[in-house]
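Breakdown of the fold
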Number of protein chains: 4
Amino acid sequence: MTDSAGRATARGRIDKRQAILSAAFDVFARRGYAPANVAEVAEVAGVAKPTVYNHLGDKENLFRRAMEAAADTVMERNLRDVERLRTLEGDLRAGLGDVAYRMVQTCCGEPSRALRRLVHAEVGQFPELVELVQARTAGRLAEALADRLARLSLEGRLRAADPAVAAEQFLSLLTGPAEARSRLGTRKLPAAELRAIAEAATDTFVRAYAA
Amino acid sequence: MTDSAGRATARGRIDKRQAILSAAFDVFARRGYAPANVAEVAEVAGVAKPTVYNHLGDKENLFRRAMEAAADTVMERNLRDVERLRTLEGDLRAGLGDVAYRMVQTCCGEPSRALRRLVHAEVGQFPELVELVQARTAGRLAEALADRLARLSLEGRLRAADPAVAAEQFLSLLTGPAEARSRLGTRKLPAAELRAIAEAATDTFVRAYAA
Amino acid sequence: MTDSAGRATARGRIDKRQAILSAAFDVFARRGYAPANVAEVAEVAGVAKPTVYNHLGDKENLFRRAMEAAADTVMERNLRDVERLRTLEGDLRAGLGDVAYRMVQTCCGEPSRALRRLVHAEVGQFPELVELVQARTAGRLAEALADRLARLSLEGRLRAADPAVAAEQFLSLLTGPAEARSRLGTRKLPAAELRAIAEAATDTFVRAYAA
Amino acid sequence: MTDSAGRATARGRIDKRQAILSAAFDVFARRGYAPANVAEVAEVAGVAKPTVYNHLGDKENLFRRAMEAAADTVMERNLRDVERLRTLEGDLRAGLGDVAYRMVQTCCGEPSRALRRLVHAEVGQFPELVELVQARTAGRLAEALADRLARLSLEGRLRAADPAVAAEQFLSLLTGPAEARSRLGTRKLPAAELRAIAEAATDTFVRAYAA
DNA sequence: AATGAATGAGACTTCATTCAT
DNA sequence: TATGAATGAAGTCTCATTCAT
């Protein structure tokens, strides 16, 4: 991390910043914003407390940046799922069902849940996080999905309808029941139940939107 | 201790407890669990700090009881909406649409949103709240809705399907988009948008479930 | 405790006061002055908190009166031991040894220890308690012992010496080692060790004071 | 962190810790454990309240460490007195009397009294302090004294006897009367009375133990 | 006379944040 | 730049004591 003269390299600085942000999200996700303390973040990151302040200012900023970074990470994974939509060549039902299953899985994963939990929790103190995070996660997903659904409409495989609304509803049919059944992540959903949710959502969606 | 004096005292005690619980929910909803402080709860309730402790023990218990009480309040209002389902005599579409509109309204109201926000926020520290609150609010609503949908199936107005799943989906189609559009309550939804959400949800639901 | 008209009798009042004082000493002895709380005293006494205040004013006064009462109780038992000194008719060694044994036993008993502990503990806050309590316990004992030793001097069985000093020393030879060995009451002394202490004290005393 | 800066820092830390411990003993001795408050300790030590917590954890640990440190200090002074026993070359009576006088002086000094008072006071809450403190003060003194008395026995200047018991008794003859006369430190003993006590103790001891 | 309820004051402890090295 | 140490501010909770019945 240091060059021959002992000065920190740019790379080293960045690594340390990443380590801090990652540690911060870890701690915030476990404890929540207020109960989390900077000391623990520093400890998990393997640096001293003032170093956290040097890199990221105060706790609020640390939180914002950590959420941002986490949202980016989650988004990357989400987008990989959306890529699958490209392969909707064969049977519509089967294809959508497969994508749906992947999406519930992702949305029920710890990173997504933690992100969602924290955004909900701190919406009062950090209202801008809703935009910041949702835009990169659920919003981005809905957008990509809408794009694809529009395509399917044009291809005559779905009836004409506002693709944004359709996408929103499809996602709601997935995440709503998943959150309810998992009791907000308290109960781990068995794969079968997850698949059932995906199936039911797809079924309802196709019935309502098939051409 | 007896009769008029006794009843007055007991009533006074209960009133004070209610005042504290109401104040507590108010403060917790505004600040979140950790940042809320008992002093403010006491102030809002118009009592001295130790009185809060006398009545409700410690901060954790105060929180739990306040959430419970708030959930009861919200539930009562929710159930009034569900009553409307009885009047689904005429046009199915119109009837469901009307009920849907009322339900999004209720779910987007401050009490509901605050409750949901707090449950999400503190699910890590108070996992039992999910059951406690959801059972009285969303769960109760879904149940009542399921009952009614089952009836409609028997009457041949909806196709045969698991009414629990149908209810869950109907609610998801309402609350999912509402949460997304209102940015978790950050943005106040105009009545027109709320109605549009209700309409879209009803439309999709009827298409998927009509007999 | 109440007469036919329901008024508390004088006897009832006194009983209640005694109950409170006894409970108070019990609690103070267990917890110490500051950590003891009036609520527990009231509970042990089986009365309500304000009743304690009605009868005994504030916590300080409650403590003083409780100590006084406990000192009286301990004194009574001590004096019974001193009575034994009258029977010092036969062998001096044996007689003194017997009395010594009884005295260490008494001094190591819980009431005596608690009293001593509390006086030591609160000598800073309640300096007058030293006089008040010591006068009735150790002081009274020393005095009685001195009287008896003076008699033995006159009878020519002990050499001439200040009987007050002699008594003081005899008691010190008993209680000093007992306190040290029992680690201030932390360790329960077996009867054999108690007897050994009494024997050693008597032996030294007789060697030093025999005529 | 290295060399001069390092040593200075470490030394500074230690100094601060010592200052806190010393201040703590001061405050505890004046007020007792429970009434003492950490704020005053911090003030007396000239540091901020959290610094006390940084260095010593909580109040209980602060108390224990302060007692330990104070016991060490007292012990050092006690042992200097015991050293005097080496010079028991001339007249036994005179030599012992001299040592006795020094010992009562030490035992009646504020540090000793405060230590004793606190141990007595808190034996209920901190039972391990008895061992911890007594071992370093009275116990250590008794041991050293016993060693010396054993030597005197071997030299034929004292009769054969258990030196531990003899030492214990000698100390009891000194401290018992001193505590009684000073009313547990409430009354300041004039030098003459202190000397009289030392003389009387020595006299009795020599009569009982001289060869 | 006795009690359920209420409160003012204060204690311990934690934590975000800043110095000084 | 990174850190060990220090601190101001704040929060939970307890308790002696007093009202009102």
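Position numbers for residues start from 1 in each chain and track the written sequence from start to end. Chain A is the first chain written and ligand 1 is the first ligand written, with later ones labelled in order. The model is predicted, so local features are restricted to residues of pLDDT at least 70 and side-chain atom pairs to those at 80 or more, both for listing and for counting; the totals for chains, interfaces and linings are taken over all residues. Note that water and hydrogens are dropped before the side-chain values are worked out from all heavy atoms of the structure.

Here the focus is the relation of the copies chain C and chain D. Look at the two chain copies: a rotation about an axis and a shift along it is all it takes to match them. Superposition of chain C onto chain D requires a rotation of 179° combined with a translation of 0.1 Å along the rotation axis, giving an RMSD of 0.2 Å. The transformation just described matches what one would write down for a two-fold rotation axis. Taking the C-alpha atom as reference, chain C places Ala-121 of chain C closest to the rotation axis, 1.9 Å from it. Contact definition: two residues touch when any of their heavy atoms are within 4.5 Å. Interface overlap between copies is the fraction of interface residues in one copy that are interface residues in the other; for chain C against chain D it reaches 100%, indicating a shared surface. Residues reaching a pLDDT of at least 70 in both copies supply the C-alpha atoms on which the copies are superposed by least squares.

For the rest of this paragraph, the subject is the protein's contact with DNA strand E. For each residue, the test is whether any non-hydrogen atom lies within 4 Å of the molecule or strand; if one does, the residue is near. Taken together, the neighbourhood of DNA strand E is formed by 34 residues, with Tyr-53 of chain A, Arg-13, Pro-50 and Thr-51 of chain B together with Thr-51 of chain C sitting nearest. When atoms of DNA strand E within 4 Å of the protein are sorted by moiety, sugar and phosphate together comprise 63%. The definition of a polar contact used here is a pair of N or O atoms within 3.5 Å, where within protein one atom must be able to donate a hydrogen and the other to accept one, and adjacent residues in sequence count solely through side-chain atom pairs. Lys-16 of chain C is positioned such that a nitrogen or oxygen atom in its side chain is 3.3 Å from a phosphate oxygen of DNA strand E. When residues are grouped by polarity, Ala, Val, Leu, Ile, Met, Phe, Trp, Tyr, Cys and Pro land in nonpolar, Asp, Glu, Lys and Arg in charged, and all others, Gly among them, in polar. The residue inventory of the surface near DNA strand E, partitioned by class, reads 15 nonpolar, eight polar and 11 charged.

The interface of chain B with chain A comprises 36 residues on the first partner and 35 residues on the second. Here the quantity called buried area is the total loss of accessible area, with a 1.4 Å probe, experienced by two parts when brought into contact, counted for both. Surface buried jointly by chain B and chain A totals about 3,000 Å² across both partners, of which 61% is contributed by carbon and sulfur atoms. The largest contributions to the chain B side of the interface with chain A come from His-120, Gln-169 and Leu-184 of chain B, which together make up 20% of the buried area. One side-chain nitrogen of Lys or Arg within 4 Å of one carboxyl oxygen of Asp or Glu is enough to make a salt bridge. Counting every contact that joins chain B to chain A gives six salt bridges. One salt bridge connects Arg-183 of chain A with Glu-131 of chain B, and the closest N-O pair in it is separated by 3.0 Å. In this structure, the connection of chain B to chain A is made through 10 residue pairs in polar contact (both at pLDDT 80 or more). In this text, helices come from DSSP runs of H or I with a minimum length of four residues, and strands from runs of E with a minimum of two, each type numbered from the N-terminal end. Per-element tally for the side of chain B that touches chain A: the top contributor is helix α9 (residues 163-181) of chain B, with 10 residues. In terms of residue class, the side of chain B that touches chain A is made up of 16 nonpolar, eight polar and 12 charged.

Before going further, it helps to spend a moment on the protein's contact with DNA strand F. Inspection of the region around DNA strand F gives 35 residues, with Thr-51 of chain A, Tyr-53 of chain C together with Arg-13, Pro-50 and Thr-51 of chain D positioned closest. Sugar plus phosphate, as a fraction of atoms of DNA strand F within 4 Å of the protein: 60%. In this structure, a phosphate oxygen belonging to DNA strand F sits 3.2 Å away from a main-chain N or O atom of Val-38 of chain B. A distance of 2.8 Å separates a phosphate oxygen of DNA strand F from a polar atom in the backbone of Ala-48 of chain D. The set of elements that each furnish at least two residues to the surface near DNA strand F consists of α1 (10-31) and α3 (49-56) of chain A, α3 (49-56) of chain B, α3 (49-56) of chain C together with α1 (3-31) and α3 (49-56) of chain D. Broken down by class, the residue content of the surface near DNA strand F amounts to 15 nonpolar, eight polar and 12 charged.

Residue and element names in this part refer to chain A. Classification of ring pairs rests on two measures: the distance between centres of Phe, Tyr or Trp rings, Trp counted by its six-membered ring, which must be within 6.5 Å, and the angle between planes, read as stacked under 30 degrees, edge-to-face over 60 and tilted in between. Scanning all chains against the criterion turns up 28 aromatic pairs over all chains. Here the aromatic residues Phe-28, Tyr-33, Phe-63 and Phe-126 are joined through ring pairs into a cluster of three or more. The rule is short: NZ of Lys or CZ of Arg within 6 Å of the ring centre and within 35 degrees of the ring normal puts a charge over the ring. In this arrangement the basic side chain of Arg-195 is found over the ring face of Tyr-101, its NZ or CZ atom lying 4.1 Å from the centre.

Note on the identical chains: chain B maps onto chain A by a rotation of 180° and an axial translation of 0.1 Å, with an RMSD of 0.2 Å. Most of the interface of chain B is mirrored in chain A, where 97% of its interface residues again form contacts.

All names here are of chain D. Geometry is summarised by axes, namely lines fitted to C-alpha atoms with helices restricted to the contacting stretch, and by angles between N-to-C directions that run from 0 to 180 degrees. Between helix α5 (residues 92-108) and helix α10 (residues 191-209), whose axes approach to 8 Å, the crossing angle comes to 130°. Between α5 and α10, the angle falls in the class oblique. By crossing handedness, the relation of α5 to α10 is classed as right-handed. Residue-level contacts link Arg-93, Leu-96, Gly-97, Ala-100, Tyr-101, Val-104, Gln-105 and Cys-108 of α5 to Ala-191, Leu-194, Arg-195, Ile-197, Ala-198, Glu-199, Thr-202, Asp-203, Phe-205 and Val-206 of α10. Among the residues forming the contact of α5 with α10, the class breakdown is 11 nonpolar, three polar and four charged. Should an angle lie under 35 degrees it is considered roughly parallel, over 145 roughly antiparallel, and from 65 to 115 roughly perpendicular; all remaining angles are considered oblique. Helix crossings are classified by the rotation of the near helix relative to the far one: an anticlockwise turn of less than a right angle makes the crossing left-handed, while a clockwise turn makes it right-handed.

UniProt's entry tags residues 37-56 of chain A with the feature "DNA-binding region" (unreviewed entry), counted in the numbering of this structure. This span, residues 37-56 of chain A, is 80% helix and 0% strand, and a straight line between its end C-alpha atoms measures 14 Å. UniProt positions are given in the numbering used here, feature names are shortened, and annotations may be inferred rather than shown by experiment.

This part takes up the pattern of salt bridges. Tallying each qualifying case throughout the model produces 76 salt bridges over all chains. Asp-26 of chain C is the partner of Arg-30 of chain C in a salt bridge, and the nearest nitrogen-oxygen pair spans 2.8 Å. Of this pair, Arg-30 of chain C and Asp-26 of chain C both sit in helix α1 (residues 10-31), four residues apart, which is roughly one turn of the helix. Residue classification places Arg-30 of chain C among the partly exposed positions, given a relative accessible area of 43%. One salt bridge in this structure joins Glu-199 of chain C and Arg-93 of chain C, with 3.4 Å as the shortest N-O distance. Placement of the pair is Glu-199 of chain C in helix α10 (residues 191-209) and Arg-93 of chain C in helix α5 (residues 92-108), with a sequence separation of 106 residues. Relative accessible area serves as the criterion here: at 33%, Glu-199 of chain C is assigned to the partly exposed category. Using a 1.4 Å probe on the protein chains alone, a residue whose accessible area is under 20% of its type maximum counts as buried, one over 50% counts as exposed, and one in between counts as partly exposed. Judged by relative accessible area, Arg-93 of chain C falls into the partly exposed class, the value being 31%. A single salt-bridge network, built from bridges that share partners, covers Arg-93, Glu-199, Asp-203 and Arg-207 of chain A together with Arg-159 of chain B.

Let's shift gears to the UniProt feature "domain: HTH tetR-type" (unreviewed entry) in chain A. If you check UniProt for "domain: HTH tetR-type" (unreviewed entry), the listed places come out as residues 14-74 of chain A in our numbering. Counted over residues 14-74 of chain A, helix gives 82% and strand 0%. Its end C-alpha atoms are 20 Å apart.

Here we take up the side chain of Arg-113 of chain A. In this fold, Arg-113 of chain A is placed in helix α6 (residues 110-122). Discounting chain neighbours no more than four positions away, the residues touching Arg-113 of chain A are Cys-107, Cys-108, Glu-179, Leu-184 and Gly-185 of chain A together with His-120 of chain B.

Time to look at the interface of chain C and chain D. Listed as interface residues are 35 residues of chain C and, on the opposing side, 36 residues of chain D. Of all residues in chain C, His-120, Gln-169 and Leu-184 of chain C bury the most surface against chain D, accounting for 20% of the area lost on that side. Here chain C is connected to chain D by six salt bridges. Summed over the shared surface of chain C and chain D, the number is 10 residue pairs in polar contact (both at pLDDT 80 or more). Elements represented by at least two residues in the side of chain C that touches chain D include exactly α6 (110-122), α7 (128-136), α9 (163-181) and α10 of chain C. Among the elements that take part in the side of chain C that touches chain D, α9 of chain C stands out by supplying 10 residues, more than any other. Split into classes, the residues belonging to the side of chain C that touches chain D amount to 16 nonpolar, eight polar and 11 charged.

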